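If you want the building blocks of each chain, they are given just below.
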Protein chains: 2
Amino acid sequence: MSAMTDRKPRAGQSRVTLNDVAAHVGVSAITISRALNKPALVTDSLRQRIDDAVRQLGYVPNRAARSLASARSHSVVVLVPSLSNAVFVDTLAAIHDTLYPRGYQTLIGDTRYAPQDEETLLRTYLEYNPDGILLTGFDQNDAASTLLRSADIPTVHMMELDDSGRYCVGFSQFDSGYALTRQLLDKGYRRIGFLAAQLDPRTIKRGEGYRAALREAGLYQPHREIAEAQPSSVGQGARLLDELLRQAPDCDAIFCNNDDLALGVMFECQRRHIAVPQQLAIAGFNNLEMSAWTNPALTTVATPRYAIGQVAANMLLELMAGRQPDSTTVDLGYKLLVRDST
Amino acid sequence: MSAMTDRKPRAGQSRVTLNDVAAHVGVSAITISRALNKPALVTDSLRQRIDDAVRQLGYVPNRAARSLASARSHSVVVLVPSLSNAVFVDTLAAIHDTLYPRGYQTLIGDTRYAPQDEETLLRTYLEYNPDGILLTGFDQNDAASTLLRSADIPTVHMMELDDSGRYCVGFSQFDSGYALTRQLLDKGYRRIGFLAAQLDPRTIKRGEGYRAALREAGLYQPHREIAEAQPSSVGQGARLLDELLRQAPDCDAIFCNNDDLALGVMFECQRRHIAVPQQLAIAGFNNLEMSAWTNPALTTVATPRYAIGQVAANMLLELMAGRQPDSTTVDLGYKLLVRDST
DNA sequence: GGATGCAAAGTTAGCGCTAACATAACCCCC
DNA sequence: GGGGGTTATGTTAGCGCTAACTTTGCATCC
């Protein structure tokens, strides 16, 4: 009220700044800054007037200026290998849900399973001066590792476990592959095939679990295993089944490294009139939403992807606050879901 | 060479800056800036020395400072309603592929189909001072529209068309729904059901296309239509089929608004021993990767989502460069894929 | 009633970079 | 051989904000 100039932001010119708001309210810029960032430091009535002015002028803070002045960007970079995979999308959702209320913006990068792309993305995103970084797995290439080390920014790895002292939240990929295979063995299957695509480190570790379980049972036969570097997909599942049945026609069960492969296998079985699970049992991995609804319902491994995002984000919050998390490694386990397809 | 100080960046202290590089090379900061941003302005030999120094010191530019000094952030914000939907993921990939080589970083926001979340996200992302904005559809709420207007940043809308003068790249949702229904009618189906979930504006428009086609043929019956506000999913497809068959057991075809619904319907038909397409034809929408591999293969509508991302990003590049695109609206069409499920 | 303390607001300087202008160096040509 | 142009580099200032310190105002207490 009283003698306030009523300039409204001049259209077409530069955006409204803190100084504009300050002039409008009749206080100094720092007071506006405080009212917005540390409201407790400003008297109620003044804060009220400031809030009104902000709204009236349509003030939008400039993050670049804030970041430059405070050396904190309030941004967190998350790199995932794929956005086409529901696993990572669920994790991203959890991360956003955890970080956003705490004032951190999530910057998402899709590395497409390519360490080179991951390095490039990381390099670009470091320019944003993130306060924290969330990575998938430990498969960074040398250049990326060097970047990370010299950037010296709190970092948490997701999905996998490791005891090198790096912060990580996930589950044992090896164990989960082992357990699912063990489960098939316990059900009486003896000629168990394995189909994998993409061949990222986690896929490979699950394959190792499969192999270990079969070796232990004296039933491992290399020709029952097909690993394909192409991305995982339903079509890939159908193709790989064809290939597998050609080189090992007597398989009685198949461990598909991903539910989408399993779906492709299932449809291909329908086309070939192979009864599931009577003639061929099918198991998948990840428990995608659809997997409960296939016909027959798909046996799979439920992975705690939302929880991983939550716990990793919370661990990162601790690190960004300069505190030490209780432990460097959090194992969130996995769960076998035995359904009608096995 | 010669008398260069060999200080290496002091670990633990603040990051290496342009000035550090300048001091190391023995030139002024602006020259380093130029060597990195406009290499043609610096002599080859000097640029070589600068590049070496940058590598040696591990210099990472500070985007906040750059953005503040130049009033250009080299960032583009993209808001999509969902990351669980392959449609938007493919569009995002196209956008990144188009913008990244041109020096723009893509900031991804997931609005979860909620206009309120979209507004909040937009508000936050505007703090990054994006040079351009890509939005999905036109369903921004009032506050978001006001924000957009006063921010005065080049904006392109994706997926839908509109003739209000806003820039957009997409296809006619109404027409595609109409065309698919028409196709079913031409095949001789007379009691065509419609299943929709999510009920976002695009879903609704496709439903209107369905209705128009049936009305035109004198075959529209409201009880054959079910629209559910919950997100689309395979499980939802199974549930909605149950509901539909309860209120309209004599349907001879079903238009599912999304391929994942169609997949759920297909599995549910298998469970109920309903022959597809003999007893019930099924059509989906979007042509997800899996749709070619279902049993029977799914009739669906292929949507040009990658092309939409490309064209929208290119249009945005034009706008950000201050040029006028040839037209405000680009219709990329759609394609009926008639397969065995109808 | 003046020293003390605390709360609320202000002043100053600078984060790291680049726009805009200034200068220096060199070339060309009549 | 000096005006005019071109190219390569430097100087200055400031983008919008906040950290750190300073000032002001006011209540409190012996």
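The model shown is predicted, which means the values in this text are computed figures rather than measured ones.

A few words now on helix 8 (residues 173–186) of chain B. Its 14 residues place the ends of helix 8 of chain B 20 Å apart at the C-alpha level, agreeing with the 20 Å of an ideal helix rising 1.5 Å per residue. Directly after helix 8 of chain B, the chain includes B:Gly188, whose backbone phi takes a positive value near 105°.

Here we come to the sheet that holds strand 6 (residues 192–197) of chain A. All names here are of chain A. One open sheet accounts for 4 strands, arranged 7-6-8-9; its pairing is parallel. Here the strands that pair on one side only, and so sit at the sheet edges, are strand 7 (225–228) and strand 9 (281–283). Geometrically, the sheet is characterised by an average inter-axis angle of 15° between neighbouring strands, direction not taken into account. Sheet strands in contact with helix 9 (residues 201–216) are strand 6, strand 7 and strand 8 (253–256), and its direction is about 170° off that of strand 6. Here helix 11 (residues 259–271) sits on the sheet in contact with strand 6, strand 8 and strand 9, set at roughly 160° to strand 9.

Around DNA strand C, the structure places 24 residues, and the nearest of them are A:Thr31, B:Leu18, B:Ser33, B:Asn37 and B:Tyr59. Between DNA strand C and the protein, one listed contact pairs a base nitrogen with a side-chain N or O atom of A:Arg34 at 2.8 Å. Elements with a contribution of two residues or more to the surface near DNA strand C: helix 2 (29–37) and helix 4 (63–70) of chain A together with helix 2 (29–37) and helix 4 (63–70) of chain B. Broken down by element, the surface near DNA strand C gets its largest block of residues, 5 residues, from helix 4 of chain B.

Around DNA strand D, 24 residues are found, and the nearest of them are A:Leu18, A:Ser33, A:Asn37, A:Tyr59 and B:Thr31. Of everything in DNA strand D that lies within 4 Å of the protein, sugar and phosphate atoms constitute 63%. For DNA strand D, a phosphate oxygen lies 2.4 Å from a polar atom in the backbone of A:Leu18. Elements with a contribution of two residues or more to the surface near DNA strand D: helix 2 and helix 4 of chain A together with helix 2 and helix 4 of chain B. With 5 residues, helix 4 of chain A is the largest single contributor of residues to the surface near DNA strand D. In terms of residue class, the surface near DNA strand D is made up of 13 nonpolar, 8 polar and 3 charged.

So, on to the pairing of strand 7 of chain A. Residues and elements named next belong to chain A. Looking at chain direction, strand 6 and strand 7 are connected through 4 bridges and run parallel. Considered in strand 7, the bridge of Phe-194 is made with Glu-225. In terms of handedness, the path from strand 6 via helix 9 over to strand 7 forms a crossover that is right-handed.

All names here are of chain A. Strand 3 (residues 132–136) sits mainly inside the fold: 5 of its 5 residues count as buried. Both faces of strand 3 are covered, namely the face carrying Gly-132, Leu-134 and Thr-136 and the face carrying Ile-133 and Leu-135. Of the pairings in the sheet, the one linking strand 1 (residues 75–80) to strand 3 comprises 4 bridges and is parallel in character. Within the sheet, the bridge partner assigned to Val-77 lies in strand 3 and is Ile-133. Pairing geometry for strand 3 and strand 4 (residues 155–159), over 4 bridges, is parallel. Among the inter-strand pairings, Leu-135 is bridged to a residue of strand 4, identified as His-157.

What follows concerns the sheet that holds strand 8 (residues 253–256) of chain B. Residues and elements named next belong to chain B. Sheet architecture is open: 4 strands sit in the order 7-6-8-9, paired in parallel fashion. The sheet is open, and its two borders are formed by strand 7 (225–228) and strand 9 (281–283), each paired with just one other strand. Strand after strand, the sheet turns through a mean of 15° between neighbouring axes, direction not considered. Of the pairings in the sheet, the one linking strand 6 (residues 192–197) to strand 8 comprises 4 bridges and is parallel in character.

Note on the identical chains: chain B maps onto chain A by a rotation of 180° and an axial translation of 0.1 Å, with an RMSD of 0.1 Å. The transformation relating the two chain copies, once decomposed into turn and shift, fits a two-fold axis. The position closest to the rotation axis in chain B is occupied by the C-alpha of B:Ala64, lying 2.1 Å away.

About the criteria used
- Residues numbered from 1 in each chain as written.
- Chains lettered and ligands numbered in written order.
- Predicted model: local features only at pLDDT ≥ 70, side-chain atom pairs only at ≥ 80, totals over all residues.
- Heavy atoms only, no water.
- Helix = DSSP H or I, 4+ residues; strand = E, 2+ residues; numbered from the N terminus.
- Expected span 1.5 Å × (residues − 1).
- Pairing = 2+ DSSP bridges.
- Axes fitted to C-alpha atoms, helices over the stretch in contact; angles between N-to-C directions.
- Contact = heavy atoms within 4.5 Å.
- Near = heavy atom within 4 Å.
- Polar contact = N/O pair within 3.5 Å; in protein donor to acceptor, adjacent residues only side chain to side chain.
- Nonpolar A, V, L, I, M, F, W, Y, C, P; charged D, E, K, R; others polar.
- Right-handed = clockwise from strand over helix to strand, strands pointing away.
- Buried < 20%, exposed > 50% of the residue type's maximum accessible area, 1.4 Å probe, protein only.
- Least-squares fit on C-alpha atoms with pLDDT ≥ 70 in both.

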